[in-house]
Amino acid sequence: MGRKYFGTDGVRGTVGGAPITPDFVMRLGYAAGTTLVAREHLRGHANEGEHPAVLIGKDTRISGYMLEAALEAGFAAAGVDVMLTGPLPTPAIAYLTRALRLQAGVVISASHNPYPDNGIKFFSAAGTKLPDAVEAEIESRLEQPMGCAAPARLGKARRVDDAAGRYIEFCKSTFPAELDLRGLRIVVDCANGAAYHIAPKVFHELGAEVHAIGAEPNGLNINDKVGATSPQALQQAVVAQGADLGIALDGDGDRVMMADASGRLYDGDQLLYVIARSRLESGGLAGVVGTLMTNLGMEHALAQLGVPVVRAKVGDRYVLETLIERGWKLGGENSGHIICLDRHTTGDGIVSALQVLAALRLQQITLEQACAELTLYPQTLVNVRLPSGFDWQKRPEIESARLAAEQELGGSGRVLLRASGTEPLLRVMVEGREAQQVAKLARGIAEAVQRAAA
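Description of the structure in this document. All of these numbers come straight from a predicted model, not from anything done at the bench.

Thresholds applied
- Here the residue index of a chain counts from 1 through its sequence in written order.
- With pLDDT at 70 or above as the cut-off, local features in this predicted model cover only qualifying residues; side-chain atom pairs require 80 or more to be listed or tallied, and sums for whole chains, interfaces and linings still use all residues.
- Processing note: side-chain calculations cover all non-hydrogen atoms of the structure and skip hydrogens and water entirely.
- Helix and strand definitions follow DSSP, with helices as H or I runs of at least four residues and strands as E runs of at least two, each counted in order from the N terminus.
- For this measure, only C-alpha atoms enter the radius of gyration; the expected value for a globule follows 2.2 Å times N^0.38, where N is the number of residues.
- Only protein chains enter the accessibility calculation, which uses a 1.4 Å probe; a residue whose area is less than 20% of its type maximum is buried, one above 50% is exposed, and one in between is partly exposed.
- The method behind every accessible area is Shrake-Rupley, applied with a 1.4 Å probe, and residues are considered shielded solely by the protein chains displayed.
- Two residue types count as positive, namely Lys and Arg, and two as negative, namely Asp and Glu; His and chain ends fall outside the count.
- Note that the charge is assigned to NZ on lysines, CZ on arginines, CG on aspartates and CD on glutamates.
- Paired strands, as defined in this entry, are two strands with at least two bridges between them according to DSSP.
- Whenever a helix is involved, its axis is fitted only over the stretch in contact; in every case the axis is a line through C-alpha atoms, and angles between N-to-C directions fall within 0 to 180 degrees.
- For this analysis, a salt bridge means a side-chain nitrogen from Lys or Arg found within 4 Å of a carboxyl oxygen belonging to Asp or Glu.
- We call two residues in contact when some of their heavy atoms are within 4.5 Å.
- An angle counts as roughly parallel when it lies under 35 degrees, as roughly antiparallel when it exceeds 145, as roughly perpendicular when it falls between 65 and 115, and as oblique in every other case.
- Put simply, a crossing is left-handed when the front helix is turned counterclockwise from the back one by less than a right angle, and right-handed when it is turned clockwise.
- Gly falls in the polar group here, along with every residue not listed as nonpolar (Ala, Val, Leu, Ile, Met, Phe, Trp, Tyr, Cys, Pro) or charged (Asp, Glu, Lys, Arg).

A short note on the overall build of the chain
So, step 1. Counting secondary structure elements, the chain contains 14 helices and 18 strands.
So, step 2. Here the C-alpha atoms of the chain give a radius of gyration of 22 Å, agreeing with the 22 Å that 2.2 N^0.38 yields for 454 residues.
So, step 3. If you line up the chain on its principal axes, its C-alpha atoms span 65 × 60 × 40 Å.
So, step 4. Relative to its 454 residues, the chain shows a buried fraction of 58%.
So, step 5. Counting only carbon and sulfur atoms, one obtains 50% of the accessible surface of the chain, whose full area is about 18400 Å².
So, step 6. In the chain, which carries 45 positive and 51 negative side-chain charges, the distance between the mean positions of the two groups comes to 2 Å.

Examining the sheet that holds strand 12 (residues 288-291)
So, step 1. Taken in spatial order, the 4 strands of this open sheet run 13-12-14-15, and their pairing is mixed. Across the chains shown, the open sheet's two edge strands, defined by having one partner strand only, are strand 13 (309-312) and strand 15 (338-340). Averaged over all adjacent pairs, the angle separating strand axes in this sheet is 20 degrees, with direction ignored.
So, step 2. With 4 bridges joining them, strand 12 and strand 13 adopt parallel strand pairing. For V289, the partnering residue across the bridge sits in strand 13 and is V310.

Some details on the pattern of salt bridges
So, step 1. On inspection of all chains with the given rule, the structure shows 30 salt bridges.
So, step 2. Here R182 makes a salt bridge to D180, at a shortest N to O gap of 3.8 Å.
So, step 3. Using a relative accessible area of 60% as the deciding quantity, one classes R182 as exposed.
So, step 4. Across the salt bridge formed by K225 and D224, the nearest N and O atoms sit 3.5 Å from each other.
So, step 5. A relative accessible area of 40% means that D224 is categorised as partly exposed.
So, step 6. What you see here is one network of salt bridges that share partners, running through D9, R12, K121, K129, D252 and D316.

Side note on the side chain of S420
So, step 1. With respect to the secondary-structure elements, S420 resides in the loop between strand 17 (414-419) and strand 18 (425-431).
So, step 2. Here S420 is in contact with L425 and R427, once residues within four sequence places are set aside.

Some points on the packing of helix 5 (residues 163-173) against helix 11 (residues 349-363)
So, step 1. Relative orientation of the contacting elements helix 5 and helix 11 amounts to 25 degrees, with a least axis distance of 9 Å. Here helix 5 lies roughly parallel to helix 11, going by the angle between them. When the axes of helix 5 and helix 11 are compared, the crossing they make is right-handed. From helix 5, Y167, F170 and C171 reach across to helix 11, where they touch I350, V351 and L354.
So, step 2. Of the residues belonging to the contact of helix 5 with helix 11, the class tally is 6 nonpolar, no polar and no charged.

Things to note about the sheet that holds strand 5 (residues 117-124)
So, step 1. The strand order across the open sheet formed by 6 strands is 1-5-4-2-3-6, and the pairing between neighbours is mixed. For this open sheet the edge positions go to strand 1 (11-14) and strand 6 (157-159), each flanked by a neighbour on one side alone. If you compare each strand with its neighbour and ignore which way they point, the axes differ by 20 degrees on average.
So, step 2. Judged from the 4 bridges that link them, strand 1 and strand 5 form a sheet pairing that is antiparallel. By the bridge assignment for strand 5, V11 is matched with I120.

Right, here's the structure in full:
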């Protein structure tokens, strides 16, 4: 069944426009709730007087208050109890849903998008992204009129007061017990997002001296010139503070970028390589899952170490699916989504950063030294905004531009065109050995797309 509302990362859009409106989100809560109730009955888990329960967390967007209330009403009307955490990173909801033995987790966030956007994403009881079949069932129920459970069956809501502390302890538990971060001065950029009161404490409690930036959310400044999507703020702060390292998260805390003492930035591919090399040395690495955007340089560097790399479609849910299919534990994206299934069920920026720091501490090397054998190919990514309904795949002039670029690269690079799963954008990526050539070809394709869409 094709999805009408769910994208690669839940339901997302600009607040006030379909589908991110209070009435739709309430209906979504009701549809998800009735799906949970039905499934609990099918499993025989529904006892008299017991309700399914869900956990709802959010990032720091001002619209989160409104959408949280709408979701709560929808779930309650379906006879589902709600537990509210307030602002908390997306991976924290995945962890707590599993730890508290709840039927589902819900996150109100648009991740790395600017504050006018928001979205709803779901986690299963196992702390993983909701299966496609369940999303399809929710969508089918959205087409039906919203009802209301009998008064005695309505759901209740309560706050989870210790949610932040429990997640902080979980993050710390993924760092080797015999190690600490004493002597390290670290800049932590929280993107004015959901990790603002979490990430600095994690690294501080492990012994680091922490300087936090992007830790003063006001509802409107999430991802605004800070965080993993604007890493210049981190790079500048690391140099200004004389720090050893910098860690930048995004608005919902599931992706990470890092910087070394010189301010040099390290993306998801490089950090994944550092973790992979460390896992290999400890004897626990069968292979690594990347995506279509993964840099060829990382693939070649891991191949030299005898580590196979397979590519999934872009999106952390596809990385996770491929990891599970192959029985592997490590994968990620160059955007900074890294999944360490031996530590967590989903991508987690804080946990991923801790795995990098553990590798550096164990080997007593710097981030630069850890990446010494990795040379990334120049890669240019251009985002082209598309008008509504424009089908770029059916335009021969775009295909001609792509083929011409591939011919010029002559087998020493790659061209990838893909539509964003969360925004009305076509992402044009060109990768090759020569930076100037790569940038020129990417611009040429992007201009061809713009002409075709005009």
